[in-house]
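# Examining the three-dimensional arrangement
Given next are the chains, with one letter for each unit.
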Amino acid sequence: MPNGGASLATEAVEAAAHAFAGWSRRTVKDRAAILRKWFDLIIPNRQDLARILTSEQGKPIAEALGEIDYAAAYIEFYAEEAKRVAGELLPSHRADARIMVLRQPIGVVAAITPWNFPAAMITRKVAPALAAGCTVVVKPAPETPLTALALAELARRAGFPPGTINVITGDAIAIGGVLTSHPKVRMVGFTGSTEVGKILMRQASSTVKKVALELGGNAPFIVFDDADIDAAVEGAIASKFRNMGQTCVCTNRIYAQSGIHDAFVEKLAGRVAELRVGDGFEDGIQQGPLINQEAVAKVEAHIADALDRGARIVVGGRRHAKGRTFFEPTVIVGATAEMAVAREETFGPLAPVFRFNSDDDVIAAANDTETGLAAYFFSTNVARIFKVMEQLEYGMVGINTGVMSTELAPFGGIKESGNSGEGSSHGILEFTELKYACVGGL
Ligand code: ADP
């Protein structure tokens, strides 16, 4: 990959700014047609894209195919949605004037994205931005640039004009410095760690850019006594072990109510023990390697800290016999609020189970974190479902399901998990700004 820095970033911003004039003035139908063409090129190439993705990221090929389809779905959706961004004519305060409200594209958008979803985190920002009439500069994660460049090549073939989509690789700090300070960048969209999100927000303040952040989570997963246990176990597997636990919406803390705790743990441990770990290209593999050695060290540290404070391993607990960055899918019981697993996102295949008694206690425990991205709970009691759903301080709540991401819904967090919503008709509005025009003298 090119090892770009500040000058490459400046060149990319200027190319995007130059392209903005033409792209933003195209009709929405034109923009929609090119986006749709991009989607139509991705689908027949999904096998190749998934192979690139698994090669550089490690997730099993079935998950990689799922991600390519999910990534493409944002392009399909926003190709359609481009046509529905409308202004307003509001009732006027004066007989001789009219109030018009225009929704215009915000301008050049910088997108800085992580390695855990090398395709979807890009399309989720780039597709609505382009649909709204913005141009983009993308800086993918250094771990996964190839998926980003393959998508960009398909975009080129789809007919996006030069400068509309720019992908640059290299020194994150130097590139990030330009993307958050160049006056021609009007918005910075970032998905990644809370720590880096805060740095970018600070840097972007000097030129008052819009900043849209999707940051870390610490998702609680609550199983109430009245839950369907089998469904809860499947939900826990899906939400905890997807991408080997390396997603921001992955379950981090499992709370099981006393009445079902033991039965739930036994079934969960049985299912976790069956998860097949290995090369993501082999048939039937459900867990690939972790992204790097630091990721493995963090899982080990969380396990060691929990054991020191009284937790017990039910299944897994060690580096996998395959070596390198493979790790055994792990379940521990006896987790408590003092442990690192309660406070920090593990971002790996560790499922700690906490025991609880009352609804109020578990809601307080679930909310006792500075983050607020995804939460999950399982219950069959309608009154409880509404109460818990309303009281959880999270941007997204999965009820009787461990998987909820879709381009049709707004994905986003509250508190320190972020300030934006990607997906749905709301997602495109993030890339627009309102202009009030008062037409007088009528
Ligand atoms: P993760 O822990 O998932 O790798 P990071 O927040 O470190 O999350 O990285 C997410 C993205 O942010 C990556 O593209 C990375 O290169 C980029 N990044 C990291 N540090 C900076 C920075 N100081 N300025 C701009 N981008 C950065």
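All of these numbers come straight from a predicted model, not from anything done at the bench.

Let us look at the environment of Pro349. Looking at the element boundaries, Pro349 is found in the loop between helix H12 (340-343) and strand S12 (350-356). Considering only alpha carbons, one finds Pro349 and Gln391, 42 residues apart in sequence, at a separation of 28 Å. In this structure Pro349 touches Phe241, Met244, Gly245, Gln287, Val299, Phe327, Pro329 and Thr330, once residues within four positions along its chain are discounted.

With that settled, the discussion passes to the nonpolar core. When a protein is soluble and globular, its nonpolar side chains tend to lie buried together. Leu35, Ile75, Tyr78, Val109, Val136 and Val137 are the most contacted members of the largest nonpolar core, which has 73 residues in total. Ranked by residues supplied to this core, first place goes to helix H4 (residues 61-81) with eleven residues. Apart from residues lying up to four places away in sequence, Val109 is in contact with Ala129, Cys134, Val136, Met187, Gly189 and Phe431. The next biggest cluster of nonpolar side chains, apart from the first, holds 61 residues, and it includes Met244, Leu290, Ile332 and Tyr376.

Residues in close proximity to the ligand total 15 residues, the closest being Ala172, Gly176, Gly192, Ser193 and Val196. Residue assignment for the shell around the ligand shows that the elements contributing at least two residues are helix H7 (172-179) and helix H8 (194-204). Across the shell around the ligand, the residue classes tally to ten nonpolar, four polar and one charged.

An α-helical turn contains 3.6 residues, so a residue and the one three or four places further along point in the same direction. In this model, helix H6 (residues 145-158) (14 residues) spans 20 Å end to end at C-alpha, consistent with the 20 Å of a helix rising 1.5 Å per residue. Those residues of H6 not exposed but buried are Pro145, Thr147, Ala148, Ala150, Leu151, Leu154 and Ala155. Backbone geometry just downstream of H6 places Gly159 in the positive-phi region, at approximately 105°.

Here we take up the UniProt feature "domain: Aldehyde dehydrogenase" (unreviewed entry) in the chain. Under the local residue numbering, the UniProt record ascribes the feature "domain: Aldehyde dehydrogenase" (unreviewed entry) to residues 2-435. In residues 2-435, helix accounts for 44% and strand for 18%; the two terminal C-alpha atoms are 39 Å from one another.

As summarised here, the arrangement of the seven strands in space is S10-S11-S12-S9-S8-S14-S15, forming an open sheet in which the pairing is mixed. Both outer strands of the open sheet, strand S10 (312-315) and strand S15 (396-399), are each paired with one neighbouring strand and no more. Neighbour-to-neighbour, the strand axes of this sheet turn through a mean angle of 25°, independent of strand direction. Sitting on the sheet, helix H9 (residues 229-241) touches strand S8 (219-223), strand S9 (251-257), S12 and strand S14 (374-378), and the angle it makes with S14 is about 165°.

Below, the discussion takes up the pairing of strand S17 (residues 432-439). Both faces of the sheet carry side chains from a regular strand, because those side chains alternate between them. Here S17 lies mainly on the outside; zero of its eight residues are buried. The pairing of strand S2 (residues 98-105) with S17 spans eight bridges and is classified as antiparallel. Its bridge partner lying in S17, Pro105 is registered against Thr432.

Glancing now at the pairing of strand S7 (residues 210-214). Counting buried residues along S7, four of its five residues qualify, which places the element largely inside the surrounding structure. Sheet topology note: the strand S6 (residues 185-191)/S7 ladder contains five bridges and is parallel. The residue of S7 that forms the bridge with Met187 is Lys210. You can see the chain leave S6, run along H8 and come back into S7, and the turn it takes is right-handed.

Rules of the game
- Residues numbered from 1 in each chain as written.
- Predicted model: local features only at pLDDT ≥ 70, side-chain atom pairs only at ≥ 80, totals over all residues.
- Helix = DSSP H or I, 4+ residues; strand = E, 2+ residues; numbered from the N terminus.
- Contact = placed C-beta atoms within 7 Å.
- Core = buried A, V, L, I, M, F, W, Y, C linked by C-beta atoms within 7 Å.
- Buried ≥ 20, exposed ≤ 12 C-beta atoms within 10 Å, placed from the backbone.
- Near = placed C-beta within 6 Å.
- Nonpolar A, V, L, I, M, F, W, Y, C, P; charged D, E, K, R; others polar.
- Expected span 1.5 Å × (residues − 1).
- UniProt positions renumbered as here; feature names shortened; annotations may be inferred.
- Pairing = 2+ DSSP bridges.
- Axes fitted to C-alpha atoms, helices over the stretch in contact; angles between N-to-C directions.
- Right-handed = clockwise from strand over helix to strand, strands pointing away.

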